[in-house]
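Topology and contacts: notes
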Amino acid sequence: MSEASAGELGDVQPRPLLAAWTLCQRELVRFFRQKNRVFGAIGQPIIFWLLFGAGLGPSFRLPGVAAETSYRAYFFPGTLVLILLFTAIFATISIIEDRREGFLQSVLVAPIPRWSMVLGKVLGGTLIAMAQGILFLLLGLTLDLSFSPVQVAAIIALMFVIAIALTALGFVIAWRMESTQGFHAIMSVFLLPMWLLSGAFFPAGDNWLGWIITANPLTYGVAALRRLIYWHDPAALPLDLPALPLCLAVTGVFALGTLVLAVAISKQRTTGDLL
């Protein structure tokens, strides 16, 4: 290599945003090439929605909610968040695969800041979650829901923030994992219970489960989606649902906090699962 060529390479400045977008595109291409991931991320939540709606519908009674409100209608916002959660899980598993294949090591030695790498991985998972979430949102037409353009824009924006939070949380967990088996174990004992105790499956009560649901940050994302989806039908909302401003504030802090934590943890070396 000539001195001129070496000088030109030395003058190349790092472009963190371009690197982030490149990693994001890689996540999108990888996802849509793996058809089983597309089916698994959206198929299982839809099956849950249909089966639980049919099985629990006859016994569903919620104080303060209109009698004509079905369990499928109540479960709809929670299923939407479940799709975002499943997509975040599948998207962040790629971190473990990239480390095993050596790709992650090449990214880490590249002259780009760590936040660029985190942003690319999280944004890629978020966009995948958004695509599937919007598809499921169309099923709301089967519940005789009507959305105004402003309402749709607000729902999509909120879904984006929730997807950022869940994908960044998945990144934090996957970064400390050396095996996909360990990640699935954490998913079973932490991520899925986090969704179950968010008011998505059943409302908060006066017992100890109610306190856990209230302390769960995902609860406020589910509640905000519920308020936006049934904006023109307040009779379908539980009486003890948190106020929309509080839900938006907690969800925003949750997303920002997990994203900052993901950047911070990406600067640490890993020596084993959760070590």
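Residues numbered from 1 in each chain as written. Predicted model: local features only at pLDDT ≥ 70, side-chain atom pairs only at ≥ 80, totals over all residues. Heavy atoms only, no water.

**Describing empty space enclosed by the protein**
In this approach a probe as big as a water molecule rolls over the atoms, and the regions it shows empty are the leftover space. What counts here: In this analysis, the protein atoms alone were mapped onto a 1 Å grid. Cavities are point sets where a 1.4 Å probe fits without being able to get out; pockets are open sets with protein on both sides within 12 Å along at least five of seven lines; lining residues have an atom within 4 Å of a point. Grid points are joined across faces, edges and corners, and a volume is the space filled by probe spheres set on the points. Helix and strand definitions follow DSSP, with helices as H or I runs of at least four residues and strands as E runs of at least two, each counted in order from the N terminus. Only Asp, Glu, Lys and Arg are considered charged in this grouping, and only Ala, Val, Leu, Ile, Met, Phe, Trp, Tyr, Cys and Pro are considered nonpolar; every other residue, Gly among them, is considered polar.
Tallying each qualifying case throughout the model produces two cavities of 30 Å³ or more. Along the walls of the largest cavity sit Glu27, Ala91, Thr92, Ser94, Ile95, Lys121, Val122, Thr167 and Phe171, which together make up its complete lining. Elements that contribute at least two residues to the lining of the largest cavity include exactly α4 (71–101), α6 (114–137) and α7 (149–175). A total of four residues in the lining of the largest cavity trace back to one element, the largest contributor, which is α4. Residues belonging to the lining of the largest cavity are distributed by class as follows: four nonpolar, three polar and two charged. For the second largest cavity, the full set of lining residues is Leu85, Ala88, Ile89, Thr92, Leu166, Leu169, Gly170 and Leu191. Sorting the residues of the lining of the second largest cavity by element identifies α4 and α7 as the ones contributing at least two each.

**Structural notes on the packing of aromatic side chains**
Note the threshold: Pairs were defined over the aromatic rings of Phe, Tyr and Trp, the Trp ring being its six-membered one, requiring ring centres within 6.5 Å. Orientation was assigned from the angle between planes: stacked under 30 degrees, edge-to-face over 60, tilted for the rest. When a residue's accessible area, from a 1.4 Å probe over protein chains only, is under 20% of the maximum for its type it is buried; when over 50% it is exposed; and in between it is partly exposed. For a lysine, the NZ atom is tested; for an arginine, the CZ atom; a charge sits over a ring if that atom is within 6 Å of the ring centre and within 35 degrees of the ring normal.
The full count for this structure, using the stated rule, is three aromatic pairs. With a centroid separation of 5.5 Å and an interplanar angle of 20 degrees, the aromatic rings of Phe171 and Trp175 are classed as stacked. Of this pair, Phe171 and Trp175 both sit in helix α7, separated by four residues, roughly a single helical turn. Each of the two residues, Phe171 as well as Trp175, counts as buried. Sitting over the face of the ring of Trp175, Arg99 holds its NZ or CZ atom 5.5 Å from the ring centroid. Its guanidinium or amino end placed over the ring of Tyr74, Arg226 lies 4.1 Å from that ring's centre, counting from NZ or CZ.

**Brief notes about the packing of helix α2 (residues 16–33) against α6**
Condition: Note on geometry: axes are C-alpha line fits, over the in-contact stretch for helices, and angles between N-to-C directions span 0 to 180 degrees. For classification, angles of less than 35 degrees are called roughly parallel, those exceeding 145 degrees roughly antiparallel, those between 65 and 115 degrees roughly perpendicular, and all remaining angles oblique. The crossing is said to be left-handed when, going from far helix to near helix, the turn is anticlockwise and less than a right angle, and right-handed when the turn is clockwise. Two residues form a contact once any of their heavy atoms are found within 4.5 Å.
Contact pair α2 / α6: the axes reach a minimum separation of 7 Å and the direction vectors enclose 40 degrees. Considering their axes alone, α2 and α6 lie oblique with respect to each other. Both α2 and α6 take part in a crossing whose hand is right-handed. Between α2 and α6, the residues in contact are Pro16, Leu17, Ala19, Ala20, Trp21, Leu23, Cys24, Arg26, Glu27, Leu28 and Phe31 and Trp115, Ser116, Met117, Leu119, Gly120, Lys121, Leu123, Gly124, Leu127, Ile128 and Gln132, respectively. Of the residues that constitute the contact of α2 with α6, the class distribution is 15 nonpolar, four polar and three charged.

**Some thoughts on the environment of Glu97**
With respect to the element layout, Glu97 can be found in helix α4. C-alpha separation for the pair Glu97 and Glu178, spaced 81 residues apart in sequence, amounts to 9.0 Å.

**Quick word on the environment of Val172**
With respect to the secondary-structure elements, Val172 resides in helix α7. Relative accessible area serves as the criterion here: at 12%, Val172 is assigned to the buried category. Between the C-alpha atoms of Val172 and Val263, which are 91 residues apart in sequence, the distance is 8.6 Å.

**Structural notes on the packing of α2 against α4**
Relative orientation of the contacting elements α2 and α4 amounts to 100 degrees, with a least axis distance of 12 Å. Looking at the two axes, α2 sits roughly perpendicular to α4. Within the contact between the two elements, α2 uses Arg26, Glu27 and Arg30 and α4 uses Ala91, Ser94, Glu97, Asp98 and Glu101. When the residues that make up the contact of α2 with α4 are grouped by side-chain class, the tally is one nonpolar, one polar and six charged.

**Some words on helix α11 (residues 244–265)**
Here is the rule we go by: The span you would expect from a helix comes to 1.5 Å times its residue count less one.
Compared with the 32 Å implied by 1.5 Å per residue over 22 residues, the 31 Å span of α11 between its first and last C-alpha is a close match. Listed as buried for α11 are Leu244, Cys247, Thr251, Phe254, Ala255, Thr258, Ala262, Val263 and Ile265. Elements in contact with the buried residues of α11: α6, α7, α8 (180–200) and α10 (217–229).

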